[in-house]
Amino acid sequence: MVTGRRARAWPAALLAAASLTAAGAAPALASAQFAPGADGLGDPFFPHAGNGGYEVAHYDLRLDYRPDGARLEARARIDANATQDLSAFDLDYRGPRIRSVRVDGRRAAYGRTGQELVITPDAGLPAGSRFEVVVRYSGRPRQIVDPDGGIEGWVRTDDGAFVVGEPQGSPTWFPCNDYPTDKATYAFRITVPRRLEAIANGSLIERRRRGRTSVWRWRERSPMASYLATATIGQFRLERSRFGGLESVVAVDPRERKASRGPLSKIPAMTRLFESLFGPYPFDETGAIVDHAPKVGYALETQTRPIYDRAPGQPTVAHELAHQWFGDSVSVASWPEIWLNEGFATWAEWRWAEHRGGRSTARAFRHMLAVPADQDRYWDPPPGAVPDPSKLFADSVYVRGAMALEALRQRIGDDAFYATMRDWTQGHAYGNASIEQFTALAEARSGQDLDSLFATWLDQPGKPAV
Ligand code: ZN
């Protein structure tokens, strides 16, 4: 089946039934292999996150939001490629009521169980073929509570919504293949009452008044993991500028304006520093979204344009900016490997402080080493051995995680250390990588056996004895 076209002659239900009896039976029909895609990718923490049998190339999201009734009227168009002969496939979805689902322009059957939206097209989708899914849905999107008690997803604010998705909130507002390994490009078209702004990732294509509403169009042309998407709505003042060849949009809630001005003004200098250390900034756009959403309690490295729940300090701005290299461009291959995001971004915070004439990374390391072993939140779990999803964003992942990198730098020296960092960001740009790949790269660049260093800092429970 090399045509890349759909096998219209075979109703999916028949194919699904055929696949049940196919094993061991006569392999007379190639179509007997049509089967439903997996309902998850088997992540150790979120086994149902992501789906099997296809990959998304592009999301085109049309959202119409009225904060008064908190109603979202939406249409998601998803361009995907089948990677197996599919009789049915899932999208991850935790949103409001589905109105219709079409596959390649024809109505498809669908059902919901848990976070899965199960779609059965009227004909099978052959491996290698491209297909288009259009999902219409409307109602009140909701936030979700994570295993660590944090909230995410479509989080309502007093003037709109603070929209974040790490690790599993994006399906609250659009159906997606919600796993960091399936990156795609995005187009957003967001309609809001005209007194409000709507801020998403990437480039601002258009803002246009239409009656009592305004329409905001954004486009993210670099591959993006679904958890890094945002469509944040509220009252914002926008500052558009260019620096270093980048399009910058900084959107700030007027209530947070004064306090955020200083730290945000450092973004160009931070970008220059990180480029000199880690390699080129990976995207064409930059900026920030500073909202007033105090109940959230954290910031997120939404791609190209990090989002803050309040006016951030300089360390937080440096942290979220560093995530553009570590997390957004080079993304984790599975959620337990979160050290590759949080340890690296925290070390970068320390490095920015050093650059500014503050405490050096070596002193930050010594300072933390003075923290007693019984202050266990800094030491456990070990950052390379996060035991369960409630510990994904534990202090130890950030702080001991940054110490692990600093211990590496001190051991192998600046030259090998920064060569490792640059090879990392270049070798895995817009992709995914694992802790094992990082430690192997550090060994290759330094020519040293680093097993015991990484075991000490990443894997052994309790405060490292050094
Ligand atoms: Zn972080």
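The present account deals with the structure reproduced in this document.

### Section: the side chain of Asp60
- With respect to the element layout, Asp60 can be found in strand β2 (residues 54-66).
- Of note is the side chain of Asp60, whose polar atom sits 2.7 Å from the side chain of Arg75.
- Setting aside its immediate chain neighbours within four residues, Asp60 contacts Arg75, Ala76, Arg77 and Ala187.

### Some remarks on the pattern of salt bridges
- Under the definition given, this model contains 18 salt bridges.
- Residue Asp60 is joined to Arg75 by a salt bridge in which the shortest nitrogen-to-oxygen separation is 2.7 Å. Remark: Arg75 occurs in strand β3 (residues 71-82) and Asp60 occurs in strand β2; sequence separation between them is 15 residues. Arg75 shares its class with Asp60; the two are buried.
- Between Arg409 and Glu406 there is a salt bridge; the shortest N-O distance is 2.8 Å. Pair noted here: Arg409 and Glu406 are both in helix α7 (residues 395-427), with a separation of three residues, about one helical turn. Taken as a pair, Arg409 and Glu406 share a single burial class, namely buried.
- The structure contains a network of salt bridges with shared partners spanning Asp60, Arg75, Arg77 and Asp79.

### Focus on the pairing of strand β16 (residues 213-224)
- As paired strands, strand β13 (residues 184-193) and β16 are joined by nine bridges and run antiparallel to one another. Across the sheet, residue Val192 finds its bridge partner in β16, namely Ser214.
- Pairing between strand β15 (residues 203-210) and β16: seven bridges, direction antiparallel. Its bridge partner lying in β16, Arg207 is registered against Trp216.

### What to know about the environment of Val252
- Topologically, Val252 is positioned in strand β19 (residues 246-252).
- Using a relative accessible area of 6% as the deciding quantity, one classes Val252 as buried.
- Separated by 163 residues in the primary sequence, Val252 and Phe89 have C-alpha atoms spaced 40 Å apart.
- Apart from residues lying up to four places away in sequence, Val252 is in contact with Gln235, Phe236, Arg237, Arg257, Ser260, Leu264 and Val290.

### Brief notes about the sheet that holds strand β18 (residues 237-243)
- The sheet built from four strands is open, its strands ordered β18-β19-β20-β21 with mixed pairing. Where the open sheet ends on each side, the last strands, each with one partner, are β18 and β21 (307-308).
- For strand β20 (residues 285-290) and β21, the ladder comprises two bridges, and the chain directions are parallel. Across the sheet, Val290 pairs through a bridge with Tyr308, a residue of β21.

### Topic: unusual backbone geometry
- Here Glu166 and Pro167 are connected by a cis peptide whose omega angle stands at 0°.
- Checked against the element boundaries, Pro167 lands in the loop between β12 (160-164) and β13.
- For the bond from Asp380 to Pro381, the omega torsion is 0°, close enough to zero to count as cis.
- Within the element layout of this structure, Pro381 appears in the loop between α6 (361-369) and α7.
- Although it is not a glycine, Asp104 sits at a positive phi angle of roughly 50°.

Definitions and cut-offs
Throughout, residues of each chain are indexed from 1 in the direction in which the sequence is written. The model is predicted, so local features are restricted to residues of pLDDT at least 70 and side-chain atom pairs to those at 80 or more, both for listing and for counting; the totals for chains, interfaces and linings are taken over all residues. The basis for every side-chain value is the complete set of non-hydrogen atoms in the structure, without hydrogens or water. Numbering of helices and strands runs from the N terminus, with a helix taken as a DSSP run of H or I at least four residues long and a strand as a DSSP run of E at least two residues long. Contacts described as polar in this section are N or O atom pairs within 3.5 Å, which, within protein, must combine one atom able to donate a hydrogen with one able to accept it, while residues neighboring in sequence count only if both atoms come from side chains. Whether two residues are in contact is decided by their heavy atoms: any pair within 4.5 Å suffices. Salt bridges are identified by distance alone: a Lys or Arg side-chain nitrogen within 4 Å of an Asp or Glu carboxyl oxygen. Per-residue accessibility, obtained with a 1.4 Å probe over protein chains only, is compared with the maximum for each type, and a residue is labelled buried under 20%, exposed over 50%, and partly exposed between these values. Here a strand pair is declared whenever DSSP counts at least two bridges between the two strands.

By themselves, these figures tell us nothing about what the structure is for.
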